[in-house]
Amino acid sequence: MSADAFVAGATGFTGRELVRLLAESGRRVVAHVRPDSPRLGEWRARFEAMGATVDATPWDEVRMTETLRAHAPAVVHALLGTTRARGRETGDDYESVDYGLTALLLRAAVASGVRPRFVYLSSVGASPRSKSAYLRVRGRLEREIRESGLPFTFARPSVITGPDRDDSRPGERVGAALADAGLTVLRGLGARRTASRYRSTTNVTLAGALCRIGFDPGFENRSAEGDDLRG
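Residues numbered from 1 in each chain as written. Predicted model: local features only at pLDDT ≥ 70, side-chain atom pairs only at ≥ 80, totals over all residues. Heavy atoms only, no water.

**Regarding the confidence of the model for the chain**
- Averaged over every residue, the pLDDT of the chain is 86; residues scoring 70 or more account for 80%.
- The low-confidence segment residues 168-186 (pLDDT under 50) makes 16 contacts with residues lying over four places distant or belonging to another chain. (pLDDT = per-residue confidence, 0-100. Contact = heavy atoms within 4.5 Å.)

Shown next, in the form of structure tokens:
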């Protein structure tokens, strides 16, 4: 039986919530966990208890192509990413993870012949000309996804917050709260679009939006940001 959704980055801050919400909504969801994860057994038990299928295909283009062909998902969710701090520890940086693995997944999705909608977790401000390495990578990927010939949806949140990250980020939460307060003032002064675009979003809210827009015909071949991701 074909899957409704394949989630790459399923163990991440937003990915784990997306898997849960997809499964709760009755979708047939495949949660990808890298085979060398030290927590593979834990994630397998957790996701299977939700009703999801766990896949541990290695990050190899040929094997990932075969996996997508076998599962034939209607939607592929690409939620892959690392952090600057993690990159300093492991050597896995934006180029190798955020770009490299997502580009591999995109090529595999194209080669599979299934033609899933490719739902990519990008970011507000993504541009191949950005001074930020994080935003440059996302801008490059958006361009490549557009050129792939697959149907797509880009989700472009601002700061993603929430209390249950694996790594504690109290400074980020405080910064997001202060920024949101300033954006509320801007909204009151009439800058509604700017306030909506840059206001923070929790991982749970974002996952709910991804669960919804990934299957919404109205979001095919377009971007979602701001209130689209909080509605």
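Moving on, there is more to tell.
**Side note on the environment of Leu40**
- With respect to the secondary-structure elements, Leu40 resides in helix H2 (residues 40-50).
- Leu40 gets classed as buried once you look at its relative accessible area, which sits at 18%.
- In sequence terms Leu40 and Ala56 are 16 residues apart; their C-alpha atoms lie 8.4 Å from each other.
- Once you skip the residues sitting within four places of it in the chain, Leu40 turns out to touch Val33, Arg34, Pro35 and Ala56. (Helix = DSSP H or I, 4+ residues; strand = E, 2+ residues; numbered from the N terminus. Buried < 20%, exposed > 50% of the residue type's maximum accessible area, 1.4 Å probe, protein only.)

**So, the pairing of strand S2 (residues 29-32)**
- What you see with S2 is no split at all: Val29 and Ala31 on one side and Val30 and His32 on the other are buried throughout.
- Here strand S1 (residues 5-8) runs beside S2; their pairing, made up of three bridges, is parallel. The residue of S2 that forms the bridge with Ala5 is Val29.
- The pairing of S2 with strand S3 (residues 53-55) spans three bridges and is classified as parallel. (Pairing = 2+ DSSP bridges.)

**Concerning the packing of aromatic side chains**
- Applying the stated criterion across every chain yields a total of four aromatic pairs.
- Between the aromatic rings of Tyr94 and Tyr134, the centroid separation amounts to 5.5 Å while the plane-to-plane angle is 65 degrees, which identifies the pairing as edge-to-face. Taken together, the residues Tyr94 in helix H5 (residues 94-112) and Tyr134 in helix H6 (residues 133-147) connect sequence positions 40 residues apart.
- What makes Tyr94 buried here is its relative accessible area of 16%.
- Taking 6.4 Å as the distance between ring centres and 85 degrees as the angle between the ring planes, the aromatic pair formed by Tyr120 and Phe154 counts as edge-to-face. Here the residue Tyr120 occupies a position in strand S5 (residues 117-121), and Phe154 occupies one in strand S6 (residues 152-156), the gap between them amounting to 34 residues.
- With relative accessibility at 1%, the residue Tyr120 sits in the buried group.
- Of the residues examined, Phe154 reaches a relative accessible area of 0% and is grouped as buried.
- Taken together through their ring pairs, the aromatic side chains of Tyr120, Phe152 and Phe154 make up a single cluster.
- Lying over the aromatic face of Tyr134, Arg138 brings its terminal NZ or CZ to 3.9 Å of the ring centre.
- Across the ring face of Tyr99, the terminal group of Arg140 is positioned such that the distance to the ring centre comes to 4.0 Å. (Phe/Tyr/Trp six-rings, centres within 6.5 Å; stacked < 30°, edge-to-face > 60°. Lys NZ or Arg CZ within 6 Å of the ring centre and 35° of its normal.)

**Observations regarding the sheet that holds S3**
- Sheet architecture is open: seven strands sit in the order S3-S2-S1-S4-S5-S6-S9, paired in parallel fashion. Sheet topology places S3 and strand S9 (222-225) at the edges, where each strand pairs with a single neighbour. Between one strand and the next, the sheet's axes are offset by a mean angle of 20 degrees, whatever the strand orientation.
- Pairing of S1 with strand S4 (residues 75-78), which is carried by four bridges, proceeds in the parallel orientation. Note on S4: the bridge partner recorded for Ala8 is Ala78.
- The strands that helix H3 (residues 61-71) touches are S1, S2, S3 and S4; relative to S1, the one it contacts most, it runs at about 150 degrees.
- Along the sheet face, helix H9 (residues 203-213) touches S4, S5, S6 and S9 and points at about 165 degrees away from the line of S5. (Axes fitted to C-alpha atoms, helices over the stretch in contact; angles between N-to-C directions.)

**With respect to the pattern of salt bridges**
- Within this structure, the stated rule accounts for 13 salt bridges.
- In this structure, Glu17 and Arg20 form a salt bridge, with 2.6 Å as the shortest nitrogen-oxygen distance. Remark: Arg20 and Glu17 occur in helix H1 (residues 15-24); sequence separation between them is three residues, near one turn of the helix.
- The exposure class assigned to Glu17 is buried, which follows from its relative accessible area of 10%.
- The salt bridge involving Glu61 is made with Arg107; its shortest N-O contact spans 2.9 Å. Residue Glu61 is located in helix H3, and its partner Arg107 is located in helix H5; the two are separated by 46 residues in the primary sequence.
- When its relative accessible area of 31% is taken as the criterion, Glu61 is described as partly exposed.
- Judged by relative accessible area, Arg107 falls into the partly exposed class, the value being 40%.
- When salt bridges that share partners are traced, they join Glu17, Arg20 and Glu24 into one network. (Salt bridge = Lys/Arg side-chain N within 4 Å of Asp/Glu carboxyl O.)

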